[in-house]
Amino acid sequence: MAKKLIFIWLLSLITWTVALPAQAALTVQITKSVASALPIAIPSFGPGIAGQPSVADVVRNDLRHSGLFRVIDPAGYPSDPRAPSGVQAADWTTVGATGLAVGSVEPLNGGYVVNVYVYNVSTGQELIAKRFTCSAAELHMTAHHVADVIYQAFTGKPGPFASRIAYVRQTGENYELLVAESDGWNPHPIVRGIMPVFSPVWSPDNHRLAYTTYANARAVIYVQDLATGRRQSIAPGGEIVSAPAFSPNGEELAYARSSGGHTELYVANLRTGQRRKLTNDDAINTSPTWSPDGSQIIFVSDRAGGPQIYGMNASGGGIHRLSYAGGYNAGPVYSPAGNAIAFIHRTAGVYALAVMNPDGSGVRVLDAQGNCDHPSFAGNGQMILYGTHRGGHKVLAEVSLDGKTMAILHSNAGEDSQPAWSH
């Protein structure tokens, strides 16, 4: 809760930059997959950039990562086709493949052209063909786009791979706000210092991050442009603020403000600086988040004696309670389609990850193996990224909305928590 976020710090040292040294990448470990995972073959696509994972390796890892695909070992492939002319669908049934994706990586004007062709092996039908052009620096992200094409061809839903994640890493007494590709590749610090960083969230256009940190012994919110490093302070002048959340159009920021023993919710216009108050009572009100259409805001309040999730109109009226299961429910976030809310739910002494319907019904626990924090949906709404604990360490995790697939993202460089998936 907001009161617990107010620490007393006498000194602060934080560096804002877009050019700090790269950090240790995350390792993805699949811990749960569906029994009916689709067997798929991904031939080599040819060489890429020396010292980096090949396009085929990135695609294979992404598809495994989803838990919905079983990538067949390339050592048993009958051939290594890179174009439709080399595809004989019948040859791939002998290795048990149902899906097949072939492609090529070709140098062009200092960059690359990447082609991909996706097949249903059972029918021999080409499902989709796509061509990408990119710079050398963009080749790894382009491989994620290829994985998205394959994911959509077989699931009918957009893939989650060509996106970025932000998360907080603590190493000793130092803190960093890192941004990386969805598989943890190429992490780089946006913020680094001895002050804790909390609650990063992406703007709808993915060009900015909002987060909470400390300055002059007070909790403050910054909105930072990722391209320039320029940052904007929200509610300056010594106010204690936390828990930022962008509106769906990116023009406003909801947040919590603590003063005189009360914590209330406000909305600030990021262009004009004008703000409006949403709540006005003796309770602690925090952790606002907007519905995808911008009409509703859900938040956490202890007005009933313990932290529970409430909803209200974006104008501040019509407050109503949503969560009733258990004595602690916090950290809510809407799915991109607005058809689910992920949140932290205490059960059997563990702060578990759970989901419920937008009206508060249908609570389902997805992960109660370790204390969880800060859930965030992938852009396709099918996966949730969150912080949790494994083996006594803070790590990141992903789980499917139905709970059938799960992966752990971890590194040996520090304690990772409070992730946010880009839109």
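A quick note: this is a predicted structure, and the numbers were derived from the prediction, not measured. (Residues numbered from 1 in each chain as written. Predicted model: local features only at pLDDT ≥ 70, side-chain atom pairs only at ≥ 80, totals over all residues. Heavy atoms only, no water.)

A.B. asks: Break down the environment of V116 for me, with residues and values.
C.D. replies: As for its position among the elements, V116 is in strand β6 (residues 111-120). If sequence neighbours within four positions are ignored, V116 has contacts with F45, A101, V102, G103, I128, A129, K130, F132, V146 and V149. (Helix = DSSP H or I, 4+ residues; strand = E, 2+ residues; numbered from the N terminus. Contact = heavy atoms within 4.5 Å.)

A.B. asks: Lay out the nonpolar core with the relevant residues and their values.
C.D. replies: Of all hydrophobic cores here, the largest spans 38 residues; its most connected members are I42, V59, L63 and I150. Going through the elements one at a time, β3 (38-41), α1 (55-66), β4 (69-71), β5 (99-108), β6, β7 (125-135) and α3 (139-155) are the ones with two or more residues in this core. Setting aside anything within four residues of it in sequence, one finds I42 in contact with A56, V59, R60, L63, V71, Y77, A101 and I150. (Core = buried A, V, L, I, M, F, W, Y, C linked by side-chain atoms within 4.5 Å. Buried < 20%, exposed > 50% of the residue type's maximum accessible area, 1.4 Å probe, protein only.)

A.B. asks: How would you explain α1 if you had to name every residue and give the values?
C.D. replies: A turn of α-helix holds 3.6 residues, and therefore any two residues three or four places apart point the same way. For α1, built from 12 residues, the straight-helix expectation of 16 Å at 1.5 Å per residue is met to within 8% by its first-to-last C-alpha distance of 17 Å. Of all 12 residues that make up α1, nine are buried, and the element is covered over most of its length. Those residues of α1 that fall on the buried side of the exposure criterion are V55, A56, V58, V59, R60, D62, L63, H65 and S66. (Expected span 1.5 Å × (residues − 1).)

A.B. asks: Any chance you could break down the sheet that holds strand β21 (residues 308-313) for me, citing the residues and the numbers?
C.D. replies: With antiparallel pairing, four strands are arranged side by side in an open sheet as β19-β20-β21-β22. Whereas interior strands pair on both sides, the edge strands pair on one side only; in this sheet they are β19 (285-290) and β22 (320-321). Summarising the sheet, β19 and strand β20 (residues 296-301) pair through four bridges and their orientation is antiparallel. Within β20, the position partnered with W290 by the bridge is I297. (Pairing = 2+ DSSP bridges.)

A.B. asks: Describe unusual backbone geometry, and please don't skip the residues or the numbers.
C.D. replies: The phi dihedral of N216 is positive, around 55°, even though this residue is not glycine. Relative to the assigned elements, N216 resides in the loop between β12 (208-215) and β13 (218-225). Given a relative accessible area of 71%, N216 falls into the exposed group.

A.B. asks: Just give me the short version of the packing of α1 against α3, but keep the residues and values in it.
C.D. replies: Contact pair α1 / α3: the axes reach a minimum separation of 8 Å and the direction vectors enclose 50°. Taken together, the axis directions place α1 and α3 in an arrangement best described as oblique. As α1 packs across α3, the resulting crossing turns out to be right-handed. Residues V55, V58, V59, D62, L63 and S66 of α1 pack against L139, H140, A143, H144, V146, A147, I150 and Y151 of α3. In terms of residue class, the contact of α1 with α3 is made up of 10 nonpolar, three polar and one charged. (Axes fitted to C-alpha atoms, helices over the stretch in contact; angles between N-to-C directions. Parallel < 35°, antiparallel > 145°, perpendicular 65-115°, else oblique. Left-handed = near helix turned anticlockwise from the far one by under 90°. Nonpolar A, V, L, I, M, F, W, Y, C, P; charged D, E, K, R; others polar.)

A.B. asks: Break down the domain arrangement of the protein for me, with residues and values.
C.D. replies: Partitioning the protein into domains gives domain 1 (35-155) and domain 2 (164-421). Centre-to-centre separation of domain 1 and domain 2, based on C-alpha positions: 35 Å. The partner domain 2 presents 11 residues to the 12 residues of domain 1 that form the contact. Of the roughly 840 Å² buried where domain 1 meets domain 2, counting both sides, 58% is carbon and sulfur surface. Three residues, H65, H140 and M141, lead the burial of domain 1 against domain 2; their summed loss comes to 50% of the area buried on that side. Linking domain 1 to domain 2 there are five residue pairs in polar contact (both at pLDDT 80 or more). (Domains from an automatic or database assignment. Buried area = accessible area lost by both parts, 1.4 Å probe. Polar contact = N/O pair within 3.5 Å; in protein donor to acceptor, adjacent residues only side chain to side chain.)

A.B. asks: How would you sum up the sheet that holds strand β23 (residues 329-334)? Please name residues and give values.
C.D. replies: Strands sit in the order β23-β24-β25-β26 across an open sheet of four strands; the sheet is antiparallel. With one partner strand each, in any of the chains shown, β23 and β26 (364-367) form the two edges of the open sheet. Direction aside, neighbouring strands of the sheet carry axes that sit 35° apart on average. The sheet contact formed by strand β25 (residues 350-356) and β26 spans three bridges and is antiparallel. Looking across to β26, one finds that V355 is bridged to R364.

A.B. asks: Let's hear about the packing of aromatic side chains: which residues, and what values?
C.D. replies: The description of an aromatic ring pair uses the distance of the two centres, along with the angle that the planes make with each other. Taken as a whole, this structure holds nine aromatic pairs when the rule is applied. Arranged with centres 6.0 Å apart and planes meeting at 20°, the rings of Y255 and Y266 form a pair that is stacked. In this pair, Y255 is assigned in strand β16 (residues 252-259) and Y266 in strand β17 (residues 262-269), connecting sequence segments 11 residues apart. A residue is classified by how much of its surface remains accessible, and Y255, at 0% relative accessible area, is buried. Counting every residue linked through ring pairs, the aromatic cluster contains F69, Y151, F154 and F161. (Phe/Tyr/Trp six-rings, centres within 6.5 Å; stacked < 30°, edge-to-face > 60°.)

A.B. asks: I'd love a proper account of the pairing of β13, names of residues and values included.
C.D. replies: Burial analysis of β13 places six of its eight residues in the buried class, which makes it a mostly covered element. Where β12 hands over to β13, the hairpin turn is made up of two residues, of which N216 adopts a positive phi near 55°. Where β13 lies against strand β14 (residues 231-234), four bridges are found, and the strand directions are antiparallel. Bridge pairing links I221 to I234 in β14. Here β13 hands over to β14 after five residues, with G229 in that stretch at a positive phi of 80°.

A.B. asks: Account for the pattern of salt bridges, naming residues and giving values.
C.D. replies: What the rule picks out here adds up to nine salt bridges. Where R82 meets D80, a salt bridge forms, and the shortest distance between an N and an O atom there is 3.2 Å. Residue classification places R82 among the partly exposed residues on the basis of a relative accessible area of 39%. According to the relative accessible area criterion, D80 is partly exposed, its value standing at 36%. Among the salt bridges present, the one from D367 reaches R390, with a minimum N-O distance of 3.0 Å. (Salt bridge = Lys/Arg side-chain N within 4 Å of Asp/Glu carboxyl O.)

A.B. asks: Mind laying out the UniProt feature "domain: TolB N-terminal" (unreviewed entry) in the protein, listing which residues take part and the relevant values?
C.D. replies: When the UniProt feature table is mapped onto this chain, "domain: TolB N-terminal" (unreviewed entry) is found at residues 26-127. Structurally, residues 26-127 is divided into 17% helix and 35% strand, and its ends, taken at the C-alpha atoms, are 32 Å apart. (UniProt positions renumbered as here; feature names shortened; annotations may be inferred.)

A.B. asks: Break down the environment of R64 for me, with residues and values.
C.D. replies: Mapped onto the secondary structure, R64 falls in helix α1. Taking relative accessible area as the criterion, R64 reaches 32% and is therefore assigned partly exposed. Between the C-alpha atoms of R64 and N249, which are 185 residues apart in sequence, the distance is 34 Å. Each residue touching R64, except ones within four places of it in the same chain, is listed here: I30, F69 and V71. For R64, the side chain forms a polar contact with the side chain of N61, separated by 2.8 Å.

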